[in-house]
Amino acid sequence: MWWTICYPGEADTVPDAVFAAVRAVVPEAIPVGVRVSGTDWVDDEPSWDIDQTIPFGHAVKQAGADWIDVSSGGVSPKQKIALAPGYQVPLAEAVKQAVGLPTMAVGLITEPAQANAIVANGQADMVALGRAMRYDPRWAWHAAAELGATVEGPPQYWRCLPSGKNAVFGKTNFGAR
Ligand SMILES: Cc1cc2nc3c(=O)[nH]c(=O)nc-3n(C[C@H](O)[C@H](O)[C@H](O)COP(=O)(O)O)c2cc1C
């Protein structure tokens, strides 16, 4: 389980107080992280881009954040978003390299190989999917099948795996019928 604080603040008004207040009431065993906008995609001043995000990331790290999730702002009519698969991943990569917190990449990550490459290439430590999982709630199972990985599945589901994909739940043992 994790909690996210979304905070569209300024780099010099670090949400120490917000973070501290949340951290104080969330049990210690639960990591608390921060979602940031890596850019607002607006060229005009004043604006927000990676040059503000990185100091902000350092500040939330200092405040005790366990991880950082790098999205971008979709809130201004002036925005010019360069939409493409994984379009926010370079923002996560820049934050990960500069800040060093465990970093999550999001946004138009839809394919198992794409998600795997983002982590394998060190662009982010984890990925999160929104729409792709709404479309396919079993995305993680299907990704495991495609990538030759395993996921935990309850015994009630062990029989459901189609032929050729029966290693998705690891080594399972049940009657063949
Ligand atoms: C139209 C639109 C606007 C968005 N605006 C923001 C935003 O301002 N801030 C933010 O953190 N996430 C925003 N998001 C959401 C993130 O990018 C979100 O993590 C993303 O939708 C999840 O990725 P996926 O659904 O492409 O997998 C927006 C998403 C959409 C579709």
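Look a little higher up for the structure.
For clarity, every value in this text was computed on a predicted model and none was experimentally measured.

A.B. asks: Would you explain the overall build of the chain in this entry?
C.D. replies: Helices and strands together make up the secondary structure of the chain, namely six helices and five strands. Ordering the α and β elements of the chain from the N terminus gives β-α-β-α-β-α-β-α-β-α-α. Taking contacts inside the chain between residues at least 6 apart in sequence as the whole, the part at least 24 apart equals 57%.

A.B. asks: What should I look at first to understand helix α6 (residues 139–147) in this one?
C.D. replies: Two residues of an α-helix separated by three or four positions point the same way, owing to the 3.6 residues in each turn. Looking at α6, one finds that the buried residues are Trp141, Ala143, Ala144 and Ala145. Positioned one or two residues after α6, Gly148 has a phi angle of 70 degrees, which is positive.

A.B. asks: Looking at this structure, how should I read the site of the ligand?
C.D. replies: Residues in close proximity to the ligand total 14 residues, the closest being Ser71, Gly74, Val106, Gly130 and Arg131. Of all the secondary-structure elements, those providing two or more residues to the shell around the ligand are β2 (32–37) and α5 (131–135). Among the residues forming the shell around the ligand, the class breakdown is six nonpolar, six polar and two charged.

A.B. asks: Would you mind showing me how to read the pairing of strand β3 (residues 67–71) here?
C.D. replies: Remember that side chains alternate between the two faces of the sheet whenever the strand is regular. Counting buried positions along β3 gives four out of five residues, so the element sits mostly inside the fold. Taken together, the five bridges between β2 and β3 define a ladder with parallel strand orientation. Bridging across to β3, Val36 finds its partner in Val70. Handedness of the β-α-β unit built from β2, helix α2 (residues 50–62) and β3 comes out right-handed. Across three bridges, the pairing between β3 and strand β4 (residues 103–106) is parallel.

A.B. asks: What is the right way to read the nonpolar core from this model?
C.D. replies: One recurring pattern in soluble globular proteins is that nonpolar side chains are buried together. Formed by 29 residues in total, the largest nonpolar core has its most connected members in Ile68, Val70, Ala92, Ala105 and Val127. Every element with two or more residues in this core is listed here: β2, α2, β3, α3 (89–99), β4, α4 (112–120) and α6. In terms of residue count, the dominant contributor to this core is α3 (five residues). Residues contacting Val127, with those up to four places away along its chain left out, are Met104, Ala105, Val106, Ile109, Ala115, Ile118 and Val119.

A.B. asks: It is not clear to me how the environment of Pro55 should be interpreted in this structure. Could you clarify?
C.D. replies: The residue Pro55 is located in helix α2 in this model. Taking the C-alpha atoms as reference points, Pro55 and Val95, separated by 40 residues in sequence, lie 9.3 Å from one another.

A.B. asks: Would you explain the pairing of β4 in this entry?
C.D. replies: What you see with β4 is no split at all: Thr103 and Ala105 on one side and Met104 and Val106 on the other are buried throughout. Taken together, β3, α3 and β4 form a β-α-β motif whose crossover is right-handed. Note: β4 against strand β5 (residues 126–128), three bridges, orientation parallel. In the strand pairing of β5, Val106 is matched with Ala128. Read as a crossover between parallel neighbours, the route from β4 over α4 to β5 is right-handed.

A.B. asks: Mind showing me how you'd approach the packing of α4 against α6 here?
C.D. replies: What describes two packed helices is the angle between their axes and the distance between those same axes. For the pair α4 and α6, interaxial distance at closest approach is 9 Å and the crossing angle is 80 degrees. The pairing of α4 with α6 is recorded here as roughly perpendicular in orientation. In contact with Pro112, Ala115 and Asn116 of α4, α6 contributes Ala143, Glu146 and Leu147. Across the contact of α4 with α6, the residue classes tally to four nonpolar, one polar and one charged.

A.B. asks: Help me understand the environment of Val60 in this model?
C.D. replies: Inspection of the secondary structure puts Val60 in helix α2. Distance from Val60 to Leu101, taken between C-alpha atoms, is 9.5 Å for residues 41 residues apart in sequence.

A.B. asks: Would you mind going over unusual backbone geometry with me for this structure?
C.D. replies: The phi torsion of most residues other than glycine is negative, and most of the peptide bonds are trans. For Trp41, which is not glycine, the phi torsion reads 60 degrees and is therefore positive. On the basis of neighbour count, Trp41 is assigned to the buried category, with 21 C-beta atoms found within 10 Å.

Calculation notes
- Residues numbered from 1 in each chain as written.
- Predicted model: local features only at pLDDT ≥ 70, side-chain atom pairs only at ≥ 80, totals over all residues.
- Helix = DSSP H or I, 4+ residues; strand = E, 2+ residues; numbered from the N terminus.
- Contact = placed C-beta atoms within 7 Å.
- Buried ≥ 20, exposed ≤ 12 C-beta atoms within 10 Å, placed from the backbone.
- Near = placed C-beta within 6 Å.
- Nonpolar A, V, L, I, M, F, W, Y, C, P; charged D, E, K, R; others polar.
- Pairing = 2+ DSSP bridges.
- Right-handed = clockwise from strand over helix to strand, strands pointing away.
- Core = buried A, V, L, I, M, F, W, Y, C linked by C-beta atoms within 7 Å.
- Axes fitted to C-alpha atoms, helices over the stretch in contact; angles between N-to-C directions.
- Parallel < 35°, antiparallel > 145°, perpendicular 65-115°, else oblique.

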